[in-house]
Amino acid sequence: MSLHVSSEKTPADQSSALLRVDPLAPHWSNSLADFPDATIFHTSEWARVLIDSYGYTPYYFAGQQAGRPVRICLFEIDSWLTGKRAVSVPFSDEAPLLGKLTSSELHQVLHEIATTAQQEHWKTIEVRGAPNDWDANTSNRYYSHDLDLSVGKEKLLENFHDSVRRAIRKAERSAVQVEIRQDEAAVQEYFELHCLTRKKHGVPPQPLNFFKNIHQHLISSGLGFTALAKLNQQTVAAAIFLRFGTKALYKFGASNPKFDSFRPSNMVMWKAIEHLVETGAKTLSFGRTDLHQDGLRRYKLGWGTTEKMLSYLKYDPRNDTFLSSKADLASNTLARFLPVFLLKRVGAALYRHVG
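Summarised in this report is the structure supplied together with it.

Quick notes on the rules
Residues numbered from 1 in each chain as written. Predicted model: local features only at pLDDT ≥ 70, side-chain atom pairs only at ≥ 80, totals over all residues. Heavy atoms only, no water. Helix = DSSP H or I, 4+ residues; strand = E, 2+ residues; numbered from the N terminus. Buried < 20%, exposed > 50% of the residue type's maximum accessible area, 1.4 Å probe, protein only. Contact = heavy atoms within 4.5 Å. Areas by Shrake-Rupley, 256 points an atom, 1.4 Å probe, with all protein chains shown as cover. Lys, Arg positive; Asp, Glu negative; His and termini not counted. Charge placed at Lys NZ, Arg CZ, Asp CG, Glu CD. Phe/Tyr/Trp six-rings, centres within 6.5 Å; stacked < 30°, edge-to-face > 60°. Lys NZ or Arg CZ within 6 Å of the ring centre and 35° of its normal. Pairing = 2+ DSSP bridges. Axes fitted to C-alpha atoms, helices over the stretch in contact; angles between N-to-C directions. Left-handed = near helix turned anticlockwise from the far one by under 90°. Nonpolar A, V, L, I, M, F, W, Y, C, P; charged D, E, K, R; others polar.

Check the secondary structure of the chain and you find 10 helices and 13 strands. Over its C-alpha atoms, taken along the principal directions, the chain stretches across nearly 65 × 45 × 35 Å. Residues classed as buried in the chain amount to 51% of the 355 residues present. Sequence-distant contacts in the chain: of pairs separated by 6 or more residues, those separated by 24 or more amount to 75%. Within the structure as shown, the chain displays about 16100 Å² of accessible surface, and the carbon and sulfur contribution to it stands at 49%. Looking at charge distribution, the chain has the averaged site of its 43 positive side-chain charges lying 7 Å from that of its 37 negative ones.

Let's shift gears to the packing of aromatic side chains. Here a ring pair, both rings aromatic, is described through the centre-centre distance and the interplanar angle of the planes. The final tally for this structure, using the stated rule, is 25 aromatic pairs. Where Tyr190 meets Phe211, the ring centres are 5.6 Å apart and the plane angle is 50°; that geometry is what we call tilted. In this pair, Tyr190 sits in helix H6 (residues 184–201) while Phe211 sits in helix H7 (residues 208–217), placing the two residues 21 residues apart along the sequence. Here Tyr190 falls in the buried class, since its relative accessible area comes to 1%. Residue class for Phe211 comes out buried when judged on its relative accessible area of 0%. By way of ring pairs, the aromatic residues Phe41, Trp46, Tyr54, Tyr56, Phe91, Tyr190, Phe191, Phe210, Phe211, Phe252 and Tyr351 are connected into one cluster. Of note, Arg20 hangs over the ring of Tyr59, and the distance from its end group to the ring centre comes to 3.9 Å. For the cation-ring pair, Arg297 lies above Tyr143, with the distance from its terminal atom to the ring centre recorded as 4.1 Å.

Before going further, it helps to spend a moment on the pairing of strand E2 (residues 57–65). Across the nine residues that make up E2, a large majority, eight, are buried. Joining the antiparallel neighbours E2 and strand E3 (residues 68–79) is a turn of two residues, in which Ala66 adopts a positive phi near 55°.

Bringing the environment of Leu110 into the picture now. Topologically, Leu110 is positioned in helix H3 (residues 103–120). Measuring from C-alpha to C-alpha, the distance between Leu110 and Ile125 comes to 8.2 Å, with 15 residues separating the pair along the chain.

What follows is about the packing of H6 against H7. Orientation of H6 relative to H7, taken along the N-to-C sense of each, is 145°, at an axis distance of 10 Å. Considering how the two elements wind past one another, H6 and H7 form a crossing that is right-handed. Residue-level contacts link Glu184, Val187, Gln188, Tyr190, Phe191 and His194 of H6 to Leu208, Phe211, Lys212 and His215 of H7. Of the residues in the contact of H6 with H7, the class split is five nonpolar, three polar and two charged.

The quantities given are spatial measurements derived from coordinates; they are silent on function.
Printed below as a string of structure tokens:
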């Protein structure tokens, strides 16, 4: 497949036929330059991560809506556990349909995709990000937090809450050092802490292969980095940041709870912010936060972020309706008592069904 969009003019009240395109072709990445709302999750590199990690089948479409170009990034998840469905985009925080669609235009686009959905027997189509004027059902809602990096390091530090500045100073006094790295060994170090943190939260870790593919397709290509906090040469906290143009994303964070009192995670975030500012990034997304995660929400607000609501939509193509159901990977108290090696096996088996 190759990306092709008809050059014929489309009446403002009509949409052109959506053409299925190949997200791994160079034309796809080139086309994203036309969409200011594109994120790292719309890129060919993220598509490769999902294909190589979980074997998902991409269904990407290009066309026009109301005379404007649109792009739709879907992956089919064919699971005996969670059903056969399409998601835009698996394991993303936010990946709306591209093209600044209104609610009615988005509905029209999904209605057109319904033909493909019926052919492939998709039960639902999930879109992670709704138009600003959306007033119908949502399948889930989250907080999202963005930090304006363009103001510079001094202003950023000034805007942090007192508790954040105190934590940074404590980490400095404790001689916590942070390394910004792009090698695979750094991702491996992050993964070991990831497993500890997921165990603490009662959730299995995502498989190591997923993180290796993030390194291979994103970090090694300059689309991200790993920040590691060291205390007496031991890695005690780490985070993975992704980047698309001037937009950065805090995607994963983890720490060894034995050393949390030294505030290494705060130092990781601060040094990553400094690095992003120095390398020309303009915004940093702190990702999504569940509505009930008050502590995590306060943490993100403490960095001077701007908060907004993020809505997910779940479209039923058979009945042309939007559903309000929720299906997230829940915390399990039992998982907190399982050994890490068993949790790794559970995660390797489970996550491809979750998306």
